[in-house]
Amino acid sequence: MDSSENFGASVATSDGSAIVVGAPGTTGRFGDFLYNFPSPGTSSPLTAEGCGQSAVINAAGTIAAFGCPASNSFIVWPSLTAAGAPMSYGTTGVGYTLATNAAGTRFAVGTSNAIFIYQDPNSVINRMFSISTVQTPLALSLSDDGSRLVAGFAGEVRTYAVTDTSITEVGTVEERLTNGLGLFGASLALRGDGTTLVVGANLASFPGMGTPGAALVYTRGGREWMPVGSLRGEITNGLFGTAVAINRDGTRFAVSALSAGSGCIGVCSGPCLTLATTRECQLRPGQGGVYVYRYDGLRVTLESYIRPPIETGTGAFGFDLSLNRAGTRLVVGDSTYDTSGAVFVVE
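The shown structure was predicted, so the numbers you read here are calculated from the model rather than taken from an experiment.

Undergrad: Would you take a moment to explain the overall build of the protein chain for this structure?
TA: Scanning the protein chain for helices and strands turns up zero helices and 30 strands. Residue burial in the protein chain is summarised as follows: out of 347 residues, 55% are buried. Looking at the protein chain alone, contacts between residues at least 24 apart form 48% of all its contacts between residues at least 6 apart. Accessible surface, the protein chain: about 13,800 Å² in total, of which carbon and sulfur atoms supply 51%.

Undergrad: Help me understand the state of the cysteines in this model?
TA: Such a bond, covalent and formed between the sulfur atoms of two cysteines, is termed a disulfide. By the definition in use, this model includes one disulfide. Each sulfur in the disulfide pair Cys51 and Cys68 lies 2.0 Å from the other. Around the S-S axis, the bridge from Cys51 to Cys68 shows a dihedral of about 100 degrees and counts as right-handed. Highlighted residues: Cys51 in the loop between strand 4 (39-45) and strand 5 (54-57) and Cys68 in strand 6 (residues 64-68), separated in sequence by 17 residues. The same class applies to Cys51 as to Cys68, namely buried.

Undergrad: In this structure, what is going on with the pattern of salt bridges? I would like to understand it.
TA: When their charged atoms lie close together, side chains carrying opposite charge are able to pair. Within this structure, the stated rule accounts for 10 salt bridges. Between Arg325 and Asp15 there is a salt bridge whose closest N-O contact spans 2.8 Å. Linking Arg325 in the loop between strand 28 (317-323) and strand 29 (330-334) with Asp15 in the loop between strand 1 (10-13) and strand 2 (18-22), this pair joins segments that are 310 residues apart in sequence. Exposure remark for Arg325: the relative accessible area of 24% places this residue in the partly exposed category.

Undergrad: How do you make sense of the nonpolar core when you look at a structure like this?
TA: If you look at the biggest cluster of nonpolar residues, it comprises 16 residues, and the most contacted ones within it are Val157, Val173, Phe184, Leu188, Leu197, Val199 and Tyr218. Going through the elements one at a time, strand 17 (187-190), strand 18 (196-201) and strand 19 (214-221) are the ones with two or more residues in this core.

Undergrad: Quick question: what am I supposed to make of the sheet that holds strand 16 (residues 167-173) here?
TA: Where strands meet in a sheet, backbone hydrogen bonds hold them as pairs that are either parallel or antiparallel. In space, the four strands of this open sheet follow the order 13-14-15-16, with antiparallel pairing throughout. Strand pairing shows two members of the sheet lacking a second neighbour, strand 13 (139-142) and strand 16, which therefore form its edges. On average, each strand axis in the sheet is tilted by 25 degrees relative to the strand beside it, whichever way the strands run. In this sheet, strand 16 lies alongside strand 15 (residues 157-162) in antiparallel orientation, the contact comprising six bridges. The residue of strand 16 that forms the bridge with Thr159 is Gly171.

Undergrad: Even after reading the chapter, I still don't get a nonpolar patch on the surface, so can you show me in this structure?
TA: The grouping of Leu138, Leu183 and Leu203 at the surface amounts to a nonpolar patch, some 220 Å² of accessible area in total. For Leu203, a relative accessible area of 41% puts it in the partly exposed group.

Here is what the cut-offs are and how they apply
- Residues numbered from 1 in each chain as written.
- Predicted model: local features only at pLDDT ≥ 70, side-chain atom pairs only at ≥ 80, totals over all residues.
- Heavy atoms only, no water.
- Helix = DSSP H or I, 4+ residues; strand = E, 2+ residues; numbered from the N terminus.
- Buried < 20%, exposed > 50% of the residue type's maximum accessible area, 1.4 Å probe, protein only.
- Contact = heavy atoms within 4.5 Å.
- Areas by Shrake-Rupley, 256 points an atom, 1.4 Å probe, with all protein chains shown as cover.
- Disulfide = S-S within 2.5 Å.
- Salt bridge = Lys/Arg side-chain N within 4 Å of Asp/Glu carboxyl O.
- Core = buried A, V, L, I, M, F, W, Y, C linked by side-chain atoms within 4.5 Å.
- Pairing = 2+ DSSP bridges.
- Axes fitted to C-alpha atoms, helices over the stretch in contact; angles between N-to-C directions.
- Patch = residues over 30% accessible without salt bridge, like charges linked within 9 Å, V, L, I, M, F, W, Y side chains within 5 Å.

Spelled out as structure tokens, the structure:
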């Protein structure tokens, strides 16, 4: 795939062949790209430099949006499959975080102290209403129908009900593992029907383990969120929980560890999943890795561990993640791979 500065800082995949990639560090050229996988040569640059801090795409792969905080705006492409100009919307601090529903008809947009809701009541997307948050949302996720929004902040997660005319805070997700510390809410992903939630806390610390990071899994009954799984990183300062992604039915999710061991030293039988499973098999820290899990409604189990295909110094493998709704395609962004960045597709 193409390379440009911070290419892969944001990624999003549709249910079909479309993948969008943000490259917010570009200078003098486009900052967002559309790909038709599995034909990486068929790419289209979409927006100007400085865009791509965040990226979303609808399930059908026909509508995409990109955050452009450098220009205090976010840009919506209302039709990726037909000729037409994008629509730009601006307000101070907008674009660091984005979320959309499955249809791409509602967008949640984070600013420095608020969340704005944009939607298309008459096939034209407009800013409809907002809610003050005081803090800056670090991550946003909408349910498929757009009626439920989850927002992560530095140390807490809030939930909202969204209608065609309003957004209302309805509760919080209680954090029971890191005592409000560890950047709980730095990343999050919501199941399609809004009943399962994965939350990253990539600076979580534990006695005797330093700060390996963590991810927590919740299910919702009514307005209450109950923890059903807690996952800890394996390496001190491994930043486990930097990015998370979940499929539509919540049976598969992925968690990245931005500074985890991404390769095995010596000969290993199966994935190298512990700091030192044997003397010959050790995690190599500093390049990042992605853990893929299964959730069967009762327990969380590790399915696989994914590392960069080429090990060349430090990197940011897992800077952003996206799963298609079936859970059969995982897109991994590495914004510093080979200096300029790269995107990897795992099927």
